[in-house]
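Report on the structure
For reference, the chains in residue letters:
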Amino acid sequence: MADRYFINVGTNWNDSANWSDTSGGTGGFSIPSPTDDVFFDANSGDCTVDSGSYCQDLDFTGYIGTFSGTSALDIYGSLLLVEESDGMIT
């Protein structure tokens, strides 16, 4: 199990260039597996979910980007949506 942070490189979930092991870090880490926790925060860009996308826990605390998809996202744990004044939920 690893932590994966979506970073502001591109928009495709299934592109390893968009994944880091730290918030705001460099990309090139593995695409999340069903046992990895995923974080979208203030350092994350817009994301498009495509086929074969999954994670354990998904946390959107501090995220202000656009999260969309062309396919289902399988979440094998929990989903956390946190309301922010300028966040994804208003």
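Our subject is the structure listed above.
Anyway, here's the lowdown on the structure attached to this text. (Residues numbered from 1 in each chain as written. Predicted model: local features only at pLDDT ≥ 70, side-chain atom pairs only at ≥ 80, totals over all residues. Heavy atoms only, no water.)

**Focus: the environment of Ser 23**
Residue placement: Ser 23 occurs in the loop between β2 (19-20) and β3 (37-39). By relative accessible area, which is 32% here, Ser 23 ends up partly exposed. Between the alpha carbons of Ser 23 and Asn 43 there is a distance of 6.4 Å; along the sequence they are 20 residues apart. Excluding residues within four positions of it along the chain, Ser 23 makes contact with Tyr 5, Asp 41 and Asn 43. Looking at Ser 23, its side chain comes within polar contact range of the side chain of Asp 41, at 2.5 Å. (Helix = DSSP H or I, 4+ residues; strand = E, 2+ residues; numbered from the N terminus. Buried < 20%, exposed > 50% of the residue type's maximum accessible area, 1.4 Å probe, protein only. Contact = heavy atoms within 4.5 Å. Polar contact = N/O pair within 3.5 Å; in protein donor to acceptor, adjacent residues only side chain to side chain.)

**Notes on a nonpolar patch on the surface**
Nonpolar side chains collect at one region of the surface, where Ile 75, Leu 79 and Leu 81 lie side by side and expose about 240 Å² of accessible area between them. Checked against the element boundaries, Ile 75 lands in strand β8 (residues 73-75). (Patch = residues over 30% accessible without salt bridge, like charges linked within 9 Å, V, L, I, M, F, W, Y side chains within 5 Å. Areas by Shrake-Rupley, 256 points an atom, 1.4 Å probe, with all protein chains shown as cover. Salt bridge = Lys/Arg side-chain N within 4 Å of Asp/Glu carboxyl O.)

**Re the state of the cysteines**
Counted by the stated rule, this structure contains 0 disulfides. Counting only cysteine sulfurs, Cys 55 is the nearest neighbor of Cys 47, a cysteine outside any disulfide, at a range of 10 Å. (Disulfide = S-S within 2.5 Å.)

**Some remarks on the nonpolar core**
If you look at soluble globular proteins, the nonpolar side chains tend to sit buried side by side. Within the largest apolar cluster, 11 residues are counted, these being Phe 6, Trp 13, Trp 19, Val 38, Phe 40, Cys 47, Val 49, Cys 55, Leu 58, Phe 60 and Tyr 63. In this view, Val 49 contacts Trp 13, Phe 67, Ser 68, Gly 69, Thr 70, Ser 71, Ala 72 and Leu 73; residues no more than four positions away in its chain are not counted. (Core = buried A, V, L, I, M, F, W, Y, C linked by side-chain atoms within 4.5 Å.)

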